[in-house]
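Structural overview for review
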Amino acid sequence: MGPTTEGTPDGRLVGALADGDDQAVEAALRPKDLGEFIGQERVREQLDLVLRAARQRGGTADHVLLSGAPGLGKTTLSMIIAAEMGAPIRITSGPAIQHAGDLAAILSSLTEGEVLFLDEIHRMSRPAEEMLYMAMEDFRVDVIVGKGPGATAIPLELPPFTLVGATTRAGLLPPPLRDRFGFTGHMEFYEPAELERVIHRSARLLDVEVEPEGAAEIAGRSRGTPRIANRLLRRVRDYAQVKADGVITREVAATALGVYEVDGRGLDRLDRAVLGALLKLFGGGPVGLSTLAVAVGEERETVEEVAEPFLVREGLLARTPRGRVATPAAWAHLGLTPPERAGGGAGQQGLFGV
């Protein structure tokens, strides 16, 4: 049994969600301005123009919506926006705002020019969302006092502020809310070369010596996500400190990540279990999600939401109307030989055995 990864929210070393340890380390590693921020070239260039123009006008920046997978730098960019504008930042999240009154309390305490970062904005309650429309557009909210026929709406003027919304599921945002953002940036997954730069920068801040080949080995297993790259770097650092001379070489990185069951493409135990069951038990599919989940001893939601997105993105698994199907790349990755007629329903007989 490999080392535990219980510190991550989803129990995985390669999980993209941040736990308390990640948040503490990220605070120390986080770049302070756009010049330090690595990757996301297009979003960075566009955002730089937005912020410079706002500073020249002497006003607040337009509201900003950042979308993309967890761990790509949305929170970091929100802090950079505040720093570039010389403004304080208030951080909250959609799930924390369950009532319009919760949002009204936050908005009424903002100061002029302040940046409000609203993470997981798609999970905000509908009443709060409707209040946010007016706040973003007119810098005003109506506070309802009383109930029933005697209820009164009291208008409350707000100082100009900048809302930075972050979401992993931009499609869940209603059009009226999306349209009120002056700038929308989509965060892409990182290329290995960009992750190598992230790892070298983090290694300097952590006072860790890492060779270029060692950084490349970690970057190749980081799923295109800086948060995962920094987490793997810390685990490899621990291994290098205890088992080697403290220097992260390619061999040290590969051996360390092998101990933590992260393979050369970034797949962990759960990913390989899903692929292994699909290939060995069901001949490559197609197979239903519930059946596949039972075969690996996991909940249906765990397989669908935790394992499958990366496997699909890597081209190892396909979702079809008939069920999950392994690709030729999946057979090659696990070193297995596909049966005859493999690919797109490999080796499966029809309903009546034809």
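See above for the structure.
Let me begin by describing the structure that accompanies this report. (Residues numbered from 1 in each chain as written. Predicted model: local features only at pLDDT ≥ 70, side-chain atom pairs only at ≥ 80, totals over all residues. Heavy atoms only, no water.)

Here's the deal with the overall build of the protein
Keep this limit in mind: Each helix is a run of H or I in the DSSP string that is no shorter than four residues. Each strand is a run of E no shorter than two, and both are numbered from the N terminus. Accessibility here uses a 1.4 Å probe with only protein chains present; expressed as a share of the type maximum, an area under 20% marks a residue as buried, one over 50% as exposed, and anything in between as partly exposed. By the convention used here, residues are in contact when the closest approach between their heavy atoms is within 4.5 Å. Residue-level accessible areas treat just the shown protein chains as cover; the underlying method is Shrake-Rupley with a 1.4 Å probe.
Counting its regular elements, the protein contains 14 helices and 11 strands. Considering the protein as a whole, with its 354 residues, one finds that 46% of them fall into the buried category. In the protein, once contacts between residues fewer than 6 apart in sequence are set aside, the share between residues at least 24 apart is 68%. When the accessible surface of the protein is totalled, it reaches about 17000 Å², and 51% of it is carbon and sulfur.

Quick word on the packing of aromatic side chains
Counted only if it meets this: Pairs were defined over the aromatic rings of Phe, Tyr and Trp, the Trp ring being its six-membered one, requiring ring centres within 6.5 Å. Orientation was assigned from the angle between planes: stacked under 30 degrees, edge-to-face over 60, tilted for the rest. Note on geometry: a ring has a charge over it if NZ (lysine) or CZ (arginine) is within 6 Å of the ring centre and within 35 degrees of the ring normal.
In the structure shown here, the tally under the stated rule is one aromatic pair. In this arrangement the basic side chain of R223 is found over the ring face of F310, its NZ or CZ atom lying 3.9 Å from the centre. Lying across the ring of F189, R313 places its NZ or CZ 3.5 Å from the centre.

Let's talk about a negative patch on the surface
Note the cut-off: Surface patches are drawn from residues lacking salt bridges whose relative accessible area is over 30%; two like charges belong together within 9 Å, two nonpolar side chains (Val, Leu, Ile, Met, Phe, Trp, Tyr) within 5 Å. When a carboxyl oxygen of Asp or Glu is within 4 Å of a side-chain nitrogen of Lys or Arg, the pair counts as a salt bridge. The charged-residue count follows a simple rule in which Lys and Arg add positive charge and Asp and Glu add negative charge, with His and chain termini not counted at all. Taken as the charge location is NZ of Lys, CZ of Arg, CG of Asp or CD of Glu.
A contiguous patch of negative charge, built from E209, E211, E213, D245 and E251, is present on the exposed surface. Locating D245 in the fold gives a position in the loop between α9 (226-243) and β9 (247-248). The exposed category is assigned to D245, whose relative accessible area is 65%.

Considering the nonpolar core
To be explicit about the condition: What is meant by a nonpolar core is a set of buried Ala, Val, Leu, Ile, Met, Phe, Trp, Tyr and Cys residues, joined one to another through side-chain atoms within 4.5 Å.
If you look at the biggest cluster of nonpolar residues, it comprises 48 residues, and the most contacted ones within it are L77, I218, V236 and I248. The contacts of I218, once residues within four sequence positions are left out, are I199, A229, L232, L233, V236, I248, A253 and L257. Counting residues in hydrophobic clusters, the runner-up holds 24 residues, among them L65, L107, I121 and L158.

Here we look at helix α4 (residues 100-108)
For clarity, the cut-off: Directions pointing from the helix axis toward each C-beta atom define the arc.
Three or more residues of α4 are buried, namely L103, A104, I106 and L107. Taken end-on, α4 shows its buried residues confined to a sector of 165°, consistent with a single buried face.

Re the packing of helix α12 (residues 289-296) against helix α13 (residues 300-313)
The criterion, for reference: Between the N-to-C directions of two axes lies an angle of 0 to 180 degrees, each axis being a line fitted to C-alpha atoms and, for a helix, fitted only over the stretch in contact. Small angles under 35 degrees read as roughly parallel and large ones over 145 as roughly antiparallel, with 65 to 115 read as roughly perpendicular and the rest as oblique. Classification used: nonpolar for Ala, Val, Leu, Ile, Met, Phe, Trp, Tyr, Cys and Pro, charged for Asp, Glu, Lys and Arg, polar for all others including Gly.
Across the interface, α12 lies against α13 with an axial gap of 8 Å and an inter-helix angle of 90°. Comparing the axis directions of α12 and α13 gives the class roughly perpendicular. In this structure, α12 contributes L289, S290, L292, A293 and V296 to the contact, and α13 contributes R300, V303, E304 and E308. In terms of residue class, the contact of α12 with α13 is made up of five nonpolar, one polar and three charged.

What to know about the packing of α4 against helix α5 (residues 126-138)
Packed helices, taken two at a time, are described by their axes: the angle between them and the distance between them. Two elements in contact, α4 and α5, have axes separated by 8 Å at closest approach and are oriented at 35°. Here α4 contributes A100, L103, A104 and L107 to the contact with α5, which in turn contributes P127, A128, M131, L132 and A135. Classifying every residue of the contact of α4 with α5 by side-chain character gives nine nonpolar, no polar and no charged.

Observations regarding the sheet that holds strand β7 (residues 183-186)
Note the cut-off: At least two DSSP bridges between two strands are needed for those strands to be called paired.
A sheet is described by the order of its strands in space; here five strands give the open sequence β2-β3-β6-β1-β7, paired in parallel fashion. If you trace the sheet from one side to the other, it starts and ends with β2 (89-93) and β7, each paired once. On average, each strand axis in the sheet is tilted by 15° relative to the strand beside it, whichever way the strands run. As judged from the four bridges shared by strand β3 (residues 115-119) and strand β6 (residues 162-167), these two strands associate in the parallel manner.

A look at the pairing of β7
Across the two faces of β7 the burial differs, with F183 and G185 buried and T184 and H186 not buried at all. Bridge count between strand β1 (residues 64-67) and β7: four bridges; the pairing is parallel. Within β7, the residue paired with L65 across the bridge is T184.

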